[in-house]
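Below, each chain spelled out in residue letters.
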Amino acid sequence: MEHVNFTQMKDGTKEEYEFLTAHEIDYTKGTADRLLHALEHLDEGLSGYQITRLGHSAQAATRAWRDGADIDWVVSALLHDIGDIFAPYNHDEYAATILKPFVREQCRWCVETHGDFQMLYYGQHLEGFDQNKRERHRGAKYFDDCAEFCDRWDQTSFDPDYDTLPLSFFAPMVRDVFARKPYDPEVTQAPDQPLTVPQAAAERGIA
Ligand SMILES: [Fe+2]
Ligand SMILES: [Fe+2]
C-alpha cells in the first residue's frame, strides 16, 4: 500500500489504519532532528539582544551542563524557548508540550512556567507586566526549581562572551531523550533531580 484510499476518516479500514500507524511511528523517529533543525531557525529570529535565540538556548544548556545537571535538565534548558518560533505569547507552554512525553514532570513544569518566573527580572520596567507574576505559583512543588532554573540558566544566558558549547554538542542528548518511549512513567515520574551536581560538574571538566 502506498497510500490509503479513503477521503473521509470514517471510511478507513483496519488495514489502512494499521498502515498509517506504522507510518506515524516511523515519522516520530525524526522528531529530534526536526527539533534541532527548528533550533537553528531560532538563529534567524528577531532579537535586539546581544546574542541570538539559538545562542541563548545553547548558552542555557551549556550552563546546565557545566552545573552537572542531568540530561533531562540539559535538554529542557536547550529547548525551553523553542516556542518562540510559533507561539510568541505562550512559548513556555508550547515548549513544555513538546517535552512532556519525554522528560520528567519536574522539568516539564519548569519549562511550562518559566515565562512567569522570568518576569522577576524585567517586569518592573514595562507597563502592564507583573514583576511578581511567579507568585501565583508559590506553594507549587517545583516553585524553587523553576526559580533556580531561571536564575542560573535562563536570565544569565544573554552573554556574547560566554564560552557557549555548539548545538552539535547537545544533539546526541536531544536524540536520546526523544528516542525514549513516550509517556513512560519511568521517565515522566522519575525522581526529581537537583539542578546542580558538583561532582558531575567536576567530572565534566569545570567545577
Ligand atoms: Fe522563555
Ligand atoms: Fe530563555
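Residues numbered from 1 in each chain as written. Chains lettered and ligands numbered in written order. Predicted model: local features only at pLDDT ≥ 70, side-chain atom pairs only at ≥ 80, totals over all residues.

Student: I tried to follow the nonpolar core on my own but got confused; where do I start?
Tutor: Nonpolar side chains tend to gather and get buried jointly when the protein is soluble and globular. Ranked by size, the top nonpolar core spans 37 residues in total, and within it Ala61, Ala64, Val74, Ala77, Leu78, Leu99 and Val174 carry the most contacts. Listing elements by their share of this core, those giving two or more residues are helix H2 (31-41), helix H3 (53-66), helix H4 (71-79), helix H5 (91-99), helix H6 (105-118), helix H7 (143-154) and helix H8 (167-178). Setting aside chain neighbours within four positions, we find Val74 in contact with Ala61, Ala64, Trp65, Ala69, Phe170 and Met173. (Core = buried A, V, L, I, M, F, W, Y, C linked by C-beta atoms within 7 Å. Buried ≥ 20, exposed ≤ 12 C-beta atoms within 10 Å, placed from the backbone. Helix = DSSP H or I, 4+ residues; strand = E, 2+ residues; numbered from the N terminus. Contact = placed C-beta atoms within 7 Å.)

Student: Help me understand the packing of H3 against H7 in this model?
Tutor: The description of two packed helices rests on the angle between their axes and on the distance between the axes. As a packed pair, H3 and H7 sit with axes 9 Å apart at the nearest point and diverge in direction by 105°. What the angle tells us is that H3 and H7 run roughly perpendicular. Here Ala60, Arg63 and Ala64 of H3 come into contact with H7, specifically with Arg152, Trp153 and Asp154. Looking at the contact of H3 with H7 residue by residue, the class counts come to three nonpolar, no polar and three charged. (Axes fitted to C-alpha atoms, helices over the stretch in contact; angles between N-to-C directions. Parallel < 35°, antiparallel > 145°, perpendicular 65-115°, else oblique. Nonpolar A, V, L, I, M, F, W, Y, C, P; charged D, E, K, R; others polar.)

Student: Looking at this structure, I do not really get the packing of H4 against H8. What am I missing?
Tutor: Interhelical geometry of H4 versus H8 gives an angle of 110° and a closest axis separation of 10 Å. In terms of axis orientation, H4 runs roughly perpendicular to H8. Seen from H4, the contacting residues are Ile71, Val74, Val75 and Leu78; seen from H8, they are Phe170, Met173, Val174, Asp176 and Val177. Grouping the amino acids of the contact of H4 with H8 by side-chain chemistry returns eight nonpolar, no polar and one charged.

Student: What's the story with the environment of Arg53 in this structure? I'm lost.
Tutor: Within the secondary structure, Arg53 sits in helix H3. When the C-alpha positions of Arg53 and Asp43 are compared, they lie 5.7 Å apart, and in sequence the two are 10 residues distant.

Student: What is the right way to look at H4 in this model?
Tutor: Structural remark: α-helix, 3.6 residues per turn; residues separated by three or four positions point the same way. Taken across its nine residues, H4 has eight buried, putting it largely inside the fold. Listed in full, the buried residues belonging to H4 are Asp72, Trp73, Val74, Val75, Ser76, Ala77, Leu78 and Leu79. Residues of H4 that are buried make contact with H2, H3, H5, H6, H7 and H8.

Student: Please clarify how H3 should be interpreted in this entry.
Tutor: Across its 14 residues, H3 extends 20 Å between first and last C-alpha, which sits within 8% of the 20 Å expected from 1.5 Å per residue. With respect to burial, H3 is a largely interior element, 13 of its 14 residues being buried. After H3 finishes, the residue Gly68 shows a positive phi value of roughly 85°. (Expected span 1.5 Å × (residues − 1).)

Student: Looking at this model, I keep getting lost on unusual backbone geometry. Mind explaining?
Tutor: Phi is mostly negative for residues that are not glycine, and the peptide bonds are mostly trans. Positive phi outside glycine occurs at Tyr183, with the angle close to 60°. Relative to the assigned elements, Tyr183 resides in the loop between H8 and helix H9 (185-188). Judged by the 10 C-beta atoms lying within 10 Å of it, Tyr183 is exposed.

Student: Before we go on, may I ask you to explain the environment of Gly205 in this structure?
Tutor: With respect to the secondary-structure elements, Gly205 resides in the segment after helix H10 (198-203). Residues Gly205 and Gly68 lie 137 residues apart in sequence; the distance between their C-alpha atoms is 10.0 Å.

Student: Can you help me understand the environment of Gly12 in this one?
Tutor: You can see Gly12 is positioned in the segment before helix H1 (14-28). For Gly12 and Asp67, which are 55 residues apart along the polypeptide, the C-alpha to C-alpha distance reads 52 Å. With residues up to four places along the chain from it excluded, the contact list for Gly12 reads Val4, Phe6 and Tyr17.

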